[in-house]
Amino acid sequence: MEKFYITTPIYYINDKPHIGSAYTTIAADVLARYYRNKGVDTFFLAGTAEHGSKIATSAEKAGKDPQSFADEMSAKFSTAWDVLQITNNDFIRTTEKRHAEAVNKFFLKLKDSGKIYEGEYEGLYCIGHEAFIKESELVNGVCPDHKTKPEMVKEKNWFFKLSEYGPILKEKILSLELVVAPEERKNEILSFIDQGLEDIAISRQNAKFALPLPWDESQTIYVWLDELFNYCTAVGYGTDTEKFNKYWPVDMHLVGKDIIKFHCVIWPALLLAIGEKVPKKVFAHGFFTIDGQKISKTIGNVIDPIEWATKYGPDVVRYFLLREVPFGQDGDISEEKLKLRYSGDLANGLGNLLSRITTLVEKYSPSLVIGEAQLWKTSDNIDELIENYKFHEALAKMWEWVAWGNKAVDENKLWELGKTDVKKFEEISTQILSCLVTTSTHLQPFMPEVSRKILEHLKKEKITKAEPLFPRVQ
Ligand code: MSP
C-alpha cells in the first residue's frame, strides 16, 4: 500500500462529543497509527459539521450567534480528540473559508454535469436528521430517532438526478471498486439500490446558517452535500491538485451504520457526476446501547468520553470500546463493564504481569537484559486481524499472550526458582519479558501510552520494578 487516506464522519456540533463519536474516531485512529507504523504515507482526517438548521436552533437556544457557537463547540471536539490521543493530520470545519471555496467549485462543476435541474419539493423534513423523511418511516407521527414531528416543506429546490446512478453504483459495489463492509451493510445498500433510487434535492430555500448556492441566491446548499464534500476539501480539491491526486480516492470512510446511504449511494454518485473516483471503501460499525437502552438525552444515559478518559485514562477507554464489542456489530456498554475490563484484563492481566516480572527480575537477576536471540515467537497474525477490522479479536489474542505470561510465572514458581536455579529463572524470565515486548508492540495503535510506558521501561539498561500501570481508581 502506498498511501492510506482515512476519514471519520464530521460530527454535528449541536452537542458535545459523545461516546458514539469517540468510538468511530478511536477506531479510525487505530488504523491510522497501524498503517503509519508500517511506514505507509497516512492521512487521517477528522472534523465538524457546523451548518444547518439544527445548529442554528441550538445556537439560538444557547443565546449565541451561530458562528461563535460553532467555534466554541467545535473546539470541544478537537480537545476531546487530543485527550483521547487521536492523531488526525487535519481537522476540518465546514465553516472554514477553505471549505466554502471548495464547495463552491464543486457545485459549479455539478451544475455543468447536466445532472442538475430545478423543481419543486414537497415532503417532510426532519431537522434532527437534516434530511427528508418518508411518511411511512414515522412512528405515531414523529421521527422514531429524534421523537420530533417533521416539518412539512413545499419549496422550490434544485435536484440531482440520483435516479440515473443505480446500475453504475451497483456495478462498482459488486466489482469491489467500492467496497461496502461488513457484508450485511453491503446487502442493505444493494437492496436499497434495487428498490429504485429517487432524485434528491441538493438545495433548500433559505435554510438557516448554510452556504449559498453559487448560481441561485434564493437557495442554500443542502447541508449533507456540504458535509460530504469535506473529504475532498481537506486534501486540496480545487486548490492543491498535487495533494488531491496523491490522496484521492480516499481509502476508507469509517462511519456508523446510520449514515451509509449518504456514503455509499449519494456520495459516490455525486463524485461520478463531477468526474472523480469513488471511495475505495466504506466500513460501517454498529451502534452502542447503554445497559440495553438507546443512548439518549431524554433517558439521561449519555456518556461523556472525556469523563471516562479522565477517570480511567484515555488508553483504557480506547481498549474498552474496541475490546467490548465486535467491530461492525451493535453492542452494549456501561461503566460497570468498563470497570470489569479495568480490574480484570488490565490491572490483573497486563498490569500484574509487568509488575510481577519486573519485581522478580530486579530481585533475582538485576543484570538481565532481553536478548534478541530469545524473542518470543507466536504464530498469531495480529496484522491480519487489524487489517480486517477485527479489533476485538486482535486484543483478545494479545490477552492470551498476557495470560500465558502470568501462567508461566505461576507454573514455574519463579519466586522460588530465583533462589534455586538462576539460570532457569533467567531463561523463563527472558521469555516473559519478550512476550511483554511483543504484546506492547502490537498494542501500540490501541493503547499508545501504555505501550510506550512498557517498552521504555523494559528497554532500560537495568530492569527495575515497574510502577502499577493501572492503579486502583478512586
Ligand atoms: N454530520 C453527519 C455526518 C456527516 S459525514 C460527511 C452526522 N453527524 S453526527 O454527529 O450525527 O454523527 C453520526 C456518527 O456518530 C455516526 O455515524 C457514528 O459514527 C457516531 N455515533 C452516534 N451515535 C452512536 C452510537 N450510539 N453508537 C455508535 N456510534 C454512534 O451524522
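Quick caveat, the model's predicted, so the values are computed rather than measured.

**Q** So what's going on with the pattern of salt bridges? Residues and values would help.
**A** Counting across every chain of the model gives 32 salt bridges. Measuring nitrogen to oxygen at the nearest pair gives 3.3 Å for the salt bridge that ties aspartate 251 to lysine 280. Residue aspartate 251 is located in the loop between α9 (241–247) and β13 (252–256), and its partner lysine 280 is located in the loop between α10 (260–273) and β14 (281–285); the two are separated by 29 residues in the primary sequence. Owing to a relative accessible area of 10%, aspartate 251 belongs among the buried residues under this scheme. In this structure lysine 280 comes out as partly exposed when scored by relative accessible area, which is 37%. Lysine 311 serves as the salt-bridge partner of glutamate 335, at 2.7 Å between the closest nitrogen and oxygen.

**Q** Quick rundown of the pairing of strand β5 (residues 116–126)? Include the residues and the values.
**A** Across 10 bridges, the pairing between β5 and strand β7 (residues 151–160) is antiparallel. Across the sheet, residue tyrosine 121 finds its bridge partner in β7, namely glutamate 155. As defined by bridge partners, β5 adjoins strand β6 (residues 131–133) across 3 bridges and the pair is classed as antiparallel. Directly across from tyrosine 125, in β6, lies its bridge partner phenylalanine 132.

**Q** I'd like a rundown of the site of the ligand, residues and numbers included.
**A** As a structural note, the neighbourhood of the ligand is formed by 22 residues, with Ile10, Thr24, Glu227, Asp258 and Phe288 the closest of them. Within the side chain of aspartate 258, an N or O atom sits 2.8 Å from an oxygen atom of the ligand. Contact distances for the ligand include 2.9 Å between a nitrogen atom and a backbone N or O atom of phenylalanine 288. Summarising the interface, the protein chains cover 90% of the accessible area of the ligand, which totals 680 Å² for the free molecule. Mapped by element, the contributors of at least two residues to the shell around the ligand are β2 (11–12), α1 (19–37), α7 (223–228) and α8 (230–233). No other element matches the 3 residues that α7 contributes to the shell around the ligand. Looking at side-chain class alone, the shell around the ligand contains 12 nonpolar, 8 polar and 2 charged residues.

**Q** How would you explain the domain arrangement of the protein if you had to name every residue and give the values?
**A** Once the domains are mapped, the protein shows domain 1 (3–161 + 199–248) and domain 2 (334–458). Once you take the C-alpha centre of each, domain 1 and domain 2 turn out to be 43 Å apart. Residue-level contacts link 9 residues of domain 1 with 10 residues of domain 2. Across the interface of domain 1 and domain 2, roughly 910 Å² is buried in total on both sides, 64% from carbon and sulfur atoms. It is Val30, Arg33 and Tyr34 that lose the most area in domain 1 upon contact with domain 2, and together they represent 53% of the buried surface on that side.

**Q** Give a description of the packing of helix α15 (residues 391–411) against helix α17 (residues 422–443) that names residues and reports values.
**A** Orientation of α15 relative to α17, taken along the N-to-C sense of each, is 165°, at an axis distance of 10 Å. It follows from the interaxial angle that α15 and α17 lie roughly antiparallel. Here α15 and α17 pass one another in a crossing that is left-handed. Residues Leu395, Met398, Trp399, Trp401, Val402, Trp404, Gly405, Ala408 and Val409 of α15 touch α17, and the partners they reach there are Gln431, Ile432, Cys435, Thr438, Thr439, His442 and Leu443. Along the lines of polarity and charge, the residues of the contact of α15 with α17 split into 11 nonpolar, 5 polar and no charged.

Conventions we followed
- Residues numbered from 1 in each chain as written.
- Predicted model: local features only at pLDDT ≥ 70, side-chain atom pairs only at ≥ 80, totals over all residues.
- Heavy atoms only, no water.
- Salt bridge = Lys/Arg side-chain N within 4 Å of Asp/Glu carboxyl O.
- Helix = DSSP H or I, 4+ residues; strand = E, 2+ residues; numbered from the N terminus.
- Buried < 20%, exposed > 50% of the residue type's maximum accessible area, 1.4 Å probe, protein only.
- Pairing = 2+ DSSP bridges.
- Near = heavy atom within 4 Å.
- Polar contact = N/O pair within 3.5 Å; in protein donor to acceptor, adjacent residues only side chain to side chain.
- Areas by Shrake-Rupley, 256 points an atom, 1.4 Å probe, with all protein chains shown as cover.
- Nonpolar A, V, L, I, M, F, W, Y, C, P; charged D, E, K, R; others polar.
- Domains from an automatic or database assignment.
- Contact = heavy atoms within 4.5 Å.
- Buried area = accessible area lost by both parts, 1.4 Å probe.
- Axes fitted to C-alpha atoms, helices over the stretch in contact; angles between N-to-C directions.
- Parallel < 35°, antiparallel > 145°, perpendicular 65-115°, else oblique.
- Left-handed = near helix turned anticlockwise from the far one by under 90°.

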